[in-house]
Amino acid sequence: VEVYHPGLAGVSKKDIGEKLAKMFKVKDVNSIVLFNFKAAFGGGKHTGFACIYDSVASAKKYHGIRAHLTRAELVEKIEKKGRKSVKESKNRGKKT
């Protein structure tokens, strides 16, 4: 996807998703996953990728990168324990 926006600082992914939904006659805007947008030097243009799915369920099933779905708020972020706390608890367990 190439987005031209002369005179504007940038365009939000939400606006781009709504525009794509209108262009491709998509019923649910959440079934479009936008990612990897980069600004061109000098401004006025952004390029990135968009995957359009039939439904939100198919987006969750077939889109391979979970981080893109997390940013699009389609899935919950997995909360992991910190590396240091895992190692500290492991070593505390050794002492007892």
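Going by the structure above, here's the rest.
Residues numbered from 1 in each chain as written. Predicted model: local features only at pLDDT ≥ 70, side-chain atom pairs only at ≥ 80, totals over all residues. Heavy atoms only, no water.

Let us now look at the packing of aromatic side chains. Considering all chains together, one arrives at 1 aromatic pair under this definition. Between Phe-35 and Phe-49, the aromatic rings sit 5.8 Å apart at their centres with planes inclined by 20°, giving stacked as the arrangement. Residue Phe-35 is found in strand E2 (residues 32-39), and its partner Phe-49 is found in strand E3 (residues 45-52); the two are separated by 14 residues along the sequence. Under the relative-accessibility criterion, Phe-35 is labelled buried at 14%. (Phe/Tyr/Trp six-rings, centres within 6.5 Å; stacked < 30°, edge-to-face > 60°. Helix = DSSP H or I, 4+ residues; strand = E, 2+ residues; numbered from the N terminus. Buried < 20%, exposed > 50% of the residue type's maximum accessible area, 1.4 Å probe, protein only.)

A few words on the sheet that holds E3. Read across the open sheet, the 3 strands follow the order E1-E3-E2; overall the sheet is antiparallel. The strands lining the two open edges of the sheet, one partner per strand, are strand E1 (2-4) and E2. The mean inter-strand angle of the sheet, taken between neighbouring strand axes irrespective of direction, is 30°. Bridge analysis of E1 against E3 gives 3 bridges, and the strand direction is antiparallel. The residue of E3 that forms the bridge with Val-3 is His-46. Set on the sheet, helix H1 (residues 13-23) makes contact with E1, E2 and E3; between it and E2 the angle comes to about 125°. (Pairing = 2+ DSSP bridges. Axes fitted to C-alpha atoms, helices over the stretch in contact; angles between N-to-C directions. Contact = heavy atoms within 4.5 Å.)

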